[in-house]
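Structural description and commentary
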Amino acid sequence: PHARACEMRTRAEGLDIDRATQGASFGAIADVQTEDYRELVLPIVRGNPGVRFVFFLSPEYLDSFWMEGVSGYPSSRRALFDVFLNEPNAEIHDLSLYTAVTHDLGLFVLDELHFDPEGARRVVAALADGGLRVKSPAEHERLLREELRAGAELMRSYAREKCP
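Residues numbered from 1 in each chain as written. Predicted model: local features only at pLDDT ≥ 70, side-chain atom pairs only at ≥ 80, totals over all residues. Heavy atoms only, no water.

1. Considering the packing of aromatic side chains
- Using the criterion set out here, one finds four aromatic pairs in the structure.
- Relative to Phe 108, the ring of Tyr 61 has its centre 5.9 Å away and its plane inclined at 70°; by these criteria the two rings are edge-to-face. In this pair, Tyr 61 sits in the loop between β1 (53-57) and α4 (62-70) while Phe 108 sits in the loop between α6 (99-102) and α7 (117-129), placing the two residues 47 residues apart along the sequence.
- A relative accessible area of 8% places Tyr 61 in the buried class.
- For Phe 108, a relative accessible area of 10% gives the class buried.
- In textbook terms, an aromatic cluster arises when at least three aromatic residues are bridged by ring pairs, as seen for Tyr 37, Phe 55 and Phe 84. (Phe/Tyr/Trp six-rings, centres within 6.5 Å; stacked < 30°, edge-to-face > 60°. Helix = DSSP H or I, 4+ residues; strand = E, 2+ residues; numbered from the N terminus. Buried < 20%, exposed > 50% of the residue type's maximum accessible area, 1.4 Å probe, protein only.)

Here it is, written out as structure tokens:
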């Protein structure tokens, strides 16, 4: 944990944690990825109404989620919501909000994106449970903001670490 705190302090150097957290935007982003989903994947979803398409956003460790959120919410995530949220045979689950994994650095191996077998079991159980299915953009944004605030608290805690 100490090395991670020092690494993240370096990555966040110069950022005002509170201002960055408050200023984070989750608004729609028109980009090539959104158009790719619309042109390449949406016809497959609509052409197969008897098939249930499950899209999910993988969990990542909380400090990495915070950095991503304050640096500009990834357009690929927003593109999923914009394109597929209202499709009757598609569902989106956002496991970046799954705190049983995202708040436990011990479940991650290699880096903040790759979790161990226990993390994988938790992710599969969460998908099966359906509790992190995105149904409302407004509710989803509220949950994202809560998670960003938790990430900001973690980032502030790193300031207490003595780093080289």
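2. Some points on the environment of Arg 11
- Structurally, the position occupied by Arg 11 is in helix α1 (residues 2-11).
- Owing to a relative accessible area of 38%, Arg 11 belongs among the partly exposed residues under this scheme.
- In this structure, Arg 11 is in contact with Arg 4, Met 67 and Glu 112, ignoring residues within four places of it in sequence. (Contact = heavy atoms within 4.5 Å.)

3. Structural notes on the state of the cysteines
- Inspection of every chain in the model, using the stated rule, returns one disulfide.
- Each sulfur of the disulfide joining Cys 6 and Cys 163 lies 2.1 Å from the other. Taking the torsion about the S-S bond as the criterion, the Cys 6 to Cys 163 disulfide, at about -90°, is left-handed. Residue Cys 6 is found in helix α1, and its partner Cys 163 is found in the segment after α8 (137-158); the two are separated by 157 residues along the sequence.
- Residue classification places Cys 163 among the partly exposed positions, given a relative accessible area of 25%. (Disulfide = S-S within 2.5 Å.)

4. A closer look at α8
- Along its 22 residues, α8 runs 31 Å from first to last C-alpha, staying within 8% of the 32 Å computed at 1.5 Å per residue.
- Every buried residue of α8 is accounted for by His 140, Leu 144, Glu 147, Leu 148, Gly 151, Ala 152, Leu 154, Met 155, Ser 157 and Tyr 158. (Expected span 1.5 Å × (residues − 1).)

5. Looking at the nonpolar core
- Counting residues in each nonpolar core, the largest one holds 28 residues, and the members touching the most others are Trp 66, Leu 148, Met 155 and Tyr 158.
- Of all the elements in the fold, those that place two or more residues in this core are α1, α2 (17-23), α4, α7 and α8.
- Not counting the four nearest positions on each side in its chain, Tyr 158 is found in contact with Arg 4, Ala 5, Met 8, Arg 9, Tyr 61 and Asp 63.
- By size, the runner-up hydrophobic cluster in this structure holds 15 residues, among which are Phe 55, Leu 80, Phe 84 and Leu 85. (Core = buried A, V, L, I, M, F, W, Y, C linked by side-chain atoms within 4.5 Å.)

6. A look at the pattern of salt bridges
- Inspection of every chain in the model, using the stated rule, returns 17 salt bridges.
- Between Arg 46 and Glu 87 there is a salt bridge; the shortest N-O distance is 2.8 Å. Of this pair, Arg 46 sits in helix α3 (residues 32-47) while Glu 87 sits in the loop between α5 (75-84) and β2 (90-94), and the two are 41 residues apart along the sequence.
- Taking the shortest distance from any N to any O, the salt bridge between Glu 91 and Arg 133 comes out at 3.6 Å. Taken as a pair, Glu 91 in strand β2 and Arg 133 in the loop between α7 and α8 lie far apart in primary sequence, 42 residues in all.
- The class of Glu 91 is buried, set by a relative accessible area of 10%.
- Residue classification places Arg 133 among the partly exposed positions, given a relative accessible area of 34%. (Salt bridge = Lys/Arg side-chain N within 4 Å of Asp/Glu carboxyl O.)

7. Remarks on the pairing of β1
- Of the two faces of β1, the one holding Phe 53, Phe 55 and Leu 57 is buried and the one holding Val 54 and Phe 56 is not buried anywhere.
- Bridge count between β1 and β2: five bridges; the pairing is parallel. Looking at β2, one finds that Phe 56 is bridged to His 93. (Pairing = 2+ DSSP bridges.)

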